[in-house]
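Per-entry structural report
Spelled out, the chains give:
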Amino acid sequence: MVFNGENKSVFGTIKSEDAALWVDHAIYMMCGGIPWQAYFQRVLSSRDAKVARTLSVFAGFGCFCAAIPAVVVGVITLNTDWASVEGVAHELNEGNYKLAVPLCLNYLCPPVITFIGLGAVSAAVMSSTDSSVLGVSCMFTRNVFQRVFYPKATDKQMMWALRVTIVFNTCAAMVIAITVKSVYGLYLICSDLVFVLLFPHLVLVIHYPHLVNRYGMVVGFFTAFLLRALSGEPVLGYDAILKFPGYAEGEDGKVGHQKFPFRLVCMLVHLLLCLAVSRLTDYLYQNGHMTDKMDVLKEYSSENTNNNNSNGNNKDVVIENTYPIEALKNESANGTSNGVANGQNGHTNGHTNGYTNGHC
């Protein structure tokens, strides 16, 4: 495309040695966007499975449409002669492209639009931040603190654990926001961690709950976290300790980056470890090599076993409510049927009683 008399392309190029990296990015951006708490809040609050399915499908089209304004702003930024704009007076290089939105709002829009745009961005960021901090803290308190480490925790203890977790998550988020300069990079890290750490759990809990237990989940989670941490992260500014084939060393003081699809490898290791360790602990317990005293996570305690006999091998309290939407749908259908039946019975009884009283 021709911009200001110059041939400029709005599309980049992919080198052949970077193909595996782009495949890795595509997979973790697709699968890593599924196990998000914000998404499941909407799904689980749906009236029935049909509404949840429709919401999920149309949300994909909504995300595509939401990306159009960003593309338009990018094209405008590329087409603008920033050297002649007062206050900038120089052309933008590749390192300044992340400033496209604030520059367009500040220099190319009327003050009213700038005020509304910045206000909308600030409100969206604050809303997302507080809901994310509260959601993460609630999930950790419920699924980790209570379910794994302290099953007999009282409501007061749960409340204090939630408060401490909120403070810790807030401080961690503040440190990350101060040290990391790229918001888009933070989003990529979030999808990266969700894909590596949570996506295998979601697949196993929903589709294969009878094949996993707490030991497999815990070992797989922490092993995958360790592998991912050792693989380095340019956004956070630290080099890799575990270097996969094709690792690109950094130049001029910059950190290097992986060209191997290491995120996919970490996720698959997580998935296989969950299955292998779960099967191993089941074998050890069933053959008497693992006693109740060694069951530190209370996976095979008599209370858990009795509560989950109806679920076969699924002994984990965390995953015994499989397909909650279908259960809610059935409850809703039963409630509607009962309501109609009760209403018809009430109408019949009222009519009969009124007829009898009237004749008496």
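Before going into details, it helps to say that this report is about the structure given with it. (Residues numbered from 1 in each chain as written. Predicted model: local features only at pLDDT ≥ 70, side-chain atom pairs only at ≥ 80, totals over all residues. Heavy atoms only, no water.)

Turning to the overall build of the protein chain, a few remarks are in order. Helix and strand content of the protein chain: eleven helices and two strands. Start at the N end of the protein chain and walk to the C end: the helices and strands fall as β-β-α-α-α-α-α-α-α-α-α-α-α. With 360 residues in all, the protein chain has 26% of them scored as buried. Contacts in the protein chain between residues at least 24 apart in sequence constitute 60% of all its contacts with a sequence separation of at least 6. Accessible area for the protein chain stands at about 23,500 Å²; split by element, carbon and sulfur atoms hold 66% of it. (Helix = DSSP H or I, 4+ residues; strand = E, 2+ residues; numbered from the N terminus. Buried < 20%, exposed > 50% of the residue type's maximum accessible area, 1.4 Å probe, protein only. Contact = heavy atoms within 4.5 Å. Areas by Shrake-Rupley, 256 points an atom, 1.4 Å probe, with all protein chains shown as cover.)

On to the packing of aromatic side chains, then. Scanning the entire structure with this criterion turns up eight aromatic pairs. Aromatic pair Phe58 and Phe61: ring centres 6.4 Å apart, planes at 50°, arrangement tilted. Residue Phe58 and its partner Phe61 are located together in helix H3 (residues 49-79), separated by three residues, close to a single helical turn. Note on accessibility: Phe58 and Phe61 belong to one class, exposed. Between Phe221 and Phe222, the aromatic rings sit 5.4 Å apart at their centres with planes inclined by 85°, giving edge-to-face as the arrangement. By the ring-pair criterion, three or more aromatic residues cluster together here, those being Tyr215, Tyr285 and Tyr300. A cation over a ring is seen here: Arg163 above Trp160, with NZ or CZ 4.9 Å from the ring centre. (Phe/Tyr/Trp six-rings, centres within 6.5 Å; stacked < 30°, edge-to-face > 60°. Lys NZ or Arg CZ within 6 Å of the ring centre and 35° of its normal.)

What follows deals with the nonpolar core. Grouped together as the largest cluster of nonpolar side chains are nine residues: Tyr28, Leu188, Phe195, Val196, Leu197, Phe199, Ala224, Cys266 and Met267. Taken together, the elements giving at least two residues each to this core come down to helix H7 (183-207) and helix H9 (262-286). Examining the composition of this core, we find that five residues originate from one element, H7, more than from any other. If sequence neighbours within four positions are ignored, Ala224 has contacts with Val196, Leu197, Cys266 and His270. (Core = buried A, V, L, I, M, F, W, Y, C linked by side-chain atoms within 4.5 Å.)

Moving on, we come to helix H1 (residues 19-31). Taking 1.5 Å per residue as the helical rise, H1 with its 13 residues ought to reach 18 Å, and the 18 Å between its terminal C-alpha atoms agrees with that figure. Within the sequence span of H1, burial applies to Leu21, Asp24 and Tyr28. Seen from one end, H1 has its buried residues packed into an arc of 60°, which puts them on one side. For H1, the elements touching its buried residues are H7 and H9. (Expected span 1.5 Å × (residues − 1). Arc of directions from axis to C-beta.)

Let us now look at H3. A rise of 1.5 Å per residue sets the reference length of H3, with its 31 residues, at 45 Å; its end C-alpha atoms lie 46 Å apart and thus fit the reference within 8%. Structurally, the start of H3 carries an N-cap: the backbone nitrogen of Lys50 is 3.2 Å from a side-chain oxygen of Asp48. (Polar contact = N/O pair within 3.5 Å; in protein donor to acceptor, adjacent residues only side chain to side chain.)

Right, let's talk about the environment of Leu105 for a bit. Tracing the sequence through the fold places Leu105 in helix H4 (residues 100-107). By relative accessible area, which is 14% here, Leu105 ends up buried. Sequence spacing of Leu105 and Leu118 is 13 residues, and the spatial spacing of their C-alpha atoms is 8.0 Å. With residues near it in sequence (within four places) discarded, Leu105 still touches Ile113, Thr114, Gly117 and Leu118.

Looking at the element boundaries, Thr141 is found in helix H5 (residues 111-149). Judged by relative accessible area, which is 4%, Thr141 ranks as buried. Setting aside anything within four residues of it in sequence, one finds Thr141 in contact with Gln146, Met158, Ala161, Leu162 and Thr165.

All right, on to unusual backbone geometry then. Backbone geometry follows two general trends: most residues other than glycine have a negative phi, and most peptide bonds adopt the trans configuration. In this structure, Lys298 takes a positive phi of about 60° despite not being glycine. Relative to the elements of secondary structure, Lys298 occurs in the loop between H9 and helix H10 (302-307).

A few words on the environment of Tyr107. Relative to the elements of secondary structure, Tyr107 occurs in helix H4. For Tyr107, a relative accessible area of 31% gives the class partly exposed. Between the alpha carbons of Tyr107 and Gly87 there is a distance of 8.2 Å; along the sequence they are 20 residues apart. Tyr107 has contacts with Trp82, Val85, Glu86, Gly87 and Val88, leaving out every residue within four places of it along the chain.

This structure, assessed with the given rule, holds eight salt bridges. Among the salt bridges present, the one from Asp192 reaches Arg228, with a minimum N-O distance of 2.6 Å. In this pair, Asp192 sits in helix H7 while Arg228 sits in helix H8 (residues 214-230), placing the two residues 36 residues apart along the sequence. The exposure classification of Asp192 matches that of Arg228, with both residues buried. In this structure, the salt-bridge partner of Glu299 is Arg214, at a minimum N-O distance of 3.8 Å. Taken together, the residues Glu299 in the loop between H9 and H10 and Arg214 in helix H8 connect sequence positions 85 residues apart. On the basis of relative accessible area, Glu299 is assigned to the buried category, the value being 0%. (Salt bridge = Lys/Arg side-chain N within 4 Å of Asp/Glu carboxyl O.)

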